[in-house]
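The chain contents come next:
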Amino acid sequence: MAQLFEFEKPIAELELKIAEIQKFSADKGIDLSQEVSTLEKKAALLKKEIYGNLEPWQKVQIARHSERPNFYDYAPLLFEDFIELKGDRLFADDRSIAGGIALFHGMPVTVIAQVKGKDTKENIKRNFGMPHPEGYRKAVRLMDQAEKFGRPILTFIDTPGAACDLGAEERGQGEAIARCLLATSGYHVPVISTVIGEGGSGGALALGVGNVLLMLENSFYSVIAPESCASILWKDTTKAKEAAAALKFTAQDLLRLGVADELVREPQGGAHNNLHQTAEELSQVISKYLVRLRLESPEALRDQRYQKLRAIGVFQETADINNMLDSDVSTES
Amino acid sequence: MFKDIFRKTKYVTIKSGQNLDRRPSEVVPQEEPGIVTKKELPDGLWVKCPKCGEVLFNKNLEENSRVCTTCEHHFRISATLRLKLLVDEDSFEEWDADLKTQDSLDFPGYDEKISEAQEKSGMAEGVLTGRAKIEGVPFVIAINEAGFMMGSMGSVVGEKITRAIERAIKLRLPVVIFSTSGGARMQEGILSLYQMAKTSAALGKLAENHLLYISVVTDPTFGGVTASYASLGDIMISEPNALIGFTGPRVIKQTMRQELPAGAQTAEFNQEHGSIDLIVARNQMRPVLARLLRYHQEGARYGTTV
């Protein structure tokens, strides 16, 4: 039985009732198809009502669902071939970031993806999807190759955040992420980033500097985990639900804020309910943008990515002094 | 113990936590490491060093660039004092001072937080940017203000730093950034997060233009600022004992149940692990920067003057 959330219980109860009636009907040979049909309609309405109006915190729960598809689930469905390449050549191979060369709609691409485990054992192996510096350095190594060989880069974001232990500090976690940001901003190849689950802070952003940012419908992408935000704001981690609403981090919020470019539809209730359907949607949307970006010149791609970043931020500006300054600026020094 | 035997009790002694009630107005509560002092300049004449416990005459501390005269502990200083200690007199031209914060996410309590920070720090936002000279050498400077919401980076801080870097490219000037920050500013959500990418991308352009970037990482620098502009210096400088890291010590302790060894995340620790080039005492910062800036002046580059 799949992990069930509190808000899904009314649906589960109704479905259980339908199953019971069907069984009763079969056992006793009584025709109850009328009743079943009524209840099924009711269930469909209820699902539409519940899944169509998910609150931010409920989306967090879906994005963190233990059975939510991870990169390794999507890989065989998105790519005709995937050759995983390992290691940062400096310290180790990080298993919370996978990378390699793949064939996407017949075209070689470089793929970089964060990977969470699906059970405790795998999660320990993958450090719960929290990359260490060597993961980000592997990403830069492989993306530099993509630039060298003119391959588009596809990144997939799914992490609670970068690793936060002594080893990460010793090996320069901050620098590793910063280098990722700097490197990605300078490439002349198309970069498409997709948030497939959880986008946790700087650790996620490291793979988020794309020409295009896509988000799965029930994914979220935040400056801080809602639990940590609640702990800072209200000294109470149980208020994560309120923090989730305040942070405006759902896919829909990011689309509205102009940070995300398009949302990728998920089956009702979340990607885990139909992996193939989600992969198909994902494939189509990525392909659409890739076709478009491939028409641009290398310089234009790079410039577009810079301008996209450049435009993010909201503030007020009063004077024209700065414009004057900018026109003056080339003269005296 | 022995000390007590020889102690003349008629002397006034000020010890932490014991005799504080005697002269309450003259003693600043001990700073917790990782937390900025509430008030940099206490009304009183005396300041207690958080490191060695020595009670210092405030005027002497000022004269010593707010570095403890006994143990050389570097007190945190405001952006304006930093500027004053560093650059040639009257050489500073401030940029983008009119950029104003906007509560774009309608975040609980943000407007109040901003007003409080403005009052406390006397600054409009968490960074001061512009151009200045050190020993006659022009450069672009940015200084984070720890007293403004812990120097956190929201849209205004990110935009001011990015514009400063972009103008440095136009003017063909080197950039020096003094960071001190808790990281990306939570109250502006994803917009704050992307300031990390924005500032890093601008530094990428600066590098392509063969212009120098010196990052001076001061106490404390953490989170999204460490994971962006603060870590990208051609030359990485810090002050003695400054705390620098990605994750704060308290969070590491809480989430990883890991106790950090003594001295972890200090400038010295970072230097030992290869992240910092130079640890420079505050009173040496000006001459050291002057030398480095001079060695990178346009004419010094082999082959072409561009």
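Residues numbered from 1 in each chain as written. Chains lettered and ligands numbered in written order. Predicted model: local features only at pLDDT ≥ 70, side-chain atom pairs only at ≥ 80, totals over all residues. Heavy atoms only, no water.

So, about the overall build of chain B. Helix and strand content of chain B: ten helices and ten strands. A buried classification covers 55% of the 306 residues belonging to chain B. Partitioning the contacts of chain B with sequence separation of at least 6, the portion at a separation of at least 24 is 66%. Taken as a whole, chain B presents about 14000 Å² of accessible surface, with 52% of it coming from carbon and sulfur. (Helix = DSSP H or I, 4+ residues; strand = E, 2+ residues; numbered from the N terminus. Buried < 20%, exposed > 50% of the residue type's maximum accessible area, 1.4 Å probe, protein only. Contact = heavy atoms within 4.5 Å. Areas by Shrake-Rupley, 256 points an atom, 1.4 Å probe, with all protein chains shown as cover.)

What follows deals with the interface of chain A and chain B. Reports often express the size of an interface as the amount of accessible area lost when the parts come together. Every contact between the two is made by 56 residues of chain A and, on the other side, 62 residues of chain B. On the chain A side of the contact with chain B, A:Glu169, A:Tyr306 and A:Arg310 bury the most area, a combined 13% of that side's loss. The interface formed by chain A and chain B holds four salt bridges in total. The partner of B:Glu159 in a salt bridge is A:Arg310, and the shortest N-O contact between them spans 3.0 Å. Linking chain A with chain B are 17 residue pairs in polar contact (both at pLDDT 80 or more), by the criterion used here. (Buried area = accessible area lost by both parts, 1.4 Å probe. Salt bridge = Lys/Arg side-chain N within 4 Å of Asp/Glu carboxyl O. Polar contact = N/O pair within 3.5 Å; in protein donor to acceptor, adjacent residues only side chain to side chain.)

The set of residues buried in helix H3 (residues 79–86) of chain B consists of B:Ala79, B:Leu81, B:Arg82, B:Leu83 and B:Leu86. Those residues of H3(B) that are buried are in contact with strand S5 (127–134), strand S6 (137–144), strand S7 (175–181), strand S8 (213–221) and helix H10 (282–295) of chain B.

Both faces of the sheet carry side chains from a regular strand, because those side chains alternate between them. Residue and element names in this part refer to chain B. For S8, a buried count of nine out of nine residues is recorded, marking the element as mostly surrounded by other parts of the structure. Taken together, the six bridges between S7 and S8 define a ladder with parallel strand orientation. The residue of S8 that forms the bridge with Ser-179 is Val-217. On the question of chirality, the crossover connecting S7 to the parallel S8 by way of helix H6 (residues 189–208) is right-handed. In terms of strand pairing, S8 meets strand S9 (residues 235–238) through four bridges, oriented parallel. Bridging from a neighbouring strand, Ser-215 pairs with Met-236 of S9. (Pairing = 2+ DSSP bridges. Right-handed = clockwise from strand over helix to strand, strands pointing away.)

Further remarks concern the pairing of strand S3 (residues 107–114) of chain A. All names here are of chain A. Of all the eight residues making up S3, seven are buried; the element is thus mostly covered by neighbouring parts of the structure. Note: strand S2 (residues 97–104) against S3, eight bridges, orientation antiparallel. Directly across from Ile-101, in S3, lies its bridge partner Thr-110. What sits between the antiparallel neighbours S2 and S3 is a turn of two residues, in which His-105 has the positive phi angle 50°. Of the pairings in the sheet, the one linking S3 to strand S4 (residues 153–159) comprises four bridges and is parallel in character. Bridged to Thr-110 within S4 is Ile-153.

Attention shifts here to the sheet that holds strand S3 (residues 93–94) of chain B. All names here are of chain B. With mixed pairing, seven strands are arranged side by side in an open sheet as S3-S5-S6-S7-S8-S9-S10. Every other strand in the sheet has two partners, leaving S3 and strand S10 (278–279) as the edge strands with one partner each. As paired elements, S6 and S7 share four bridges and run parallel to each other. Residue Ala-142 lies in a different strand from S7, and its bridge partner there is Ile-177.

So, about the domain arrangement of chain A. Split by domain assignment, chain A resolves into domain 1 (9–53) and domain 2 (61–310). Between domain 1 of chain A and domain 2 of chain A, the C-alpha centre-to-centre distance is 39 Å. (Domains from an automatic or database assignment.)

Below, the discussion takes up the environment of A:Glu15. All names here are of chain A. Along the chain, Glu-15 falls in helix H1 (residues 9–28). As for Glu-15 and Leu-39, which are separated by 24 residues in sequence, their C-alpha atoms are 8.4 Å apart. Only 3.0 Å separates the side chain of Glu-15 from the side chain of Lys-47, close enough to count as a polar contact.

Attention now goes to helix H4 (residues 71–78) of chain A. One turn of the α-helix equals 3.6 residues, which is why residues spaced by three or four share an orientation. Residue and element names in this part refer to chain A. Regarding H4, the residues found buried are Phe-71, Tyr-74, Ala-75 and Leu-78. Mapping the buried residues of H4 onto a view down its axis gives an arc of 115°, with all of them on the same face. One side-chain oxygen at the N-terminal end of H4 lies 3.1 Å from the backbone nitrogen of Tyr-72; it belongs to Asn-70. (Arc of directions from axis to C-beta.)

Once that is clear, we can look at the pattern of salt bridges. Enumeration over the complete set of coordinates arrives at 37 salt bridges over all chains. Where B:Glu62 meets B:Arg66, a salt bridge forms, and the shortest distance between an N and an O atom there is 2.5 Å. Because the salt bridges share partners, they merge into one network encompassing A:Arg310, A:Glu317, B:Asp96, B:Glu159, B:Arg163, B:Glu166, B:Arg167 and B:Lys198.

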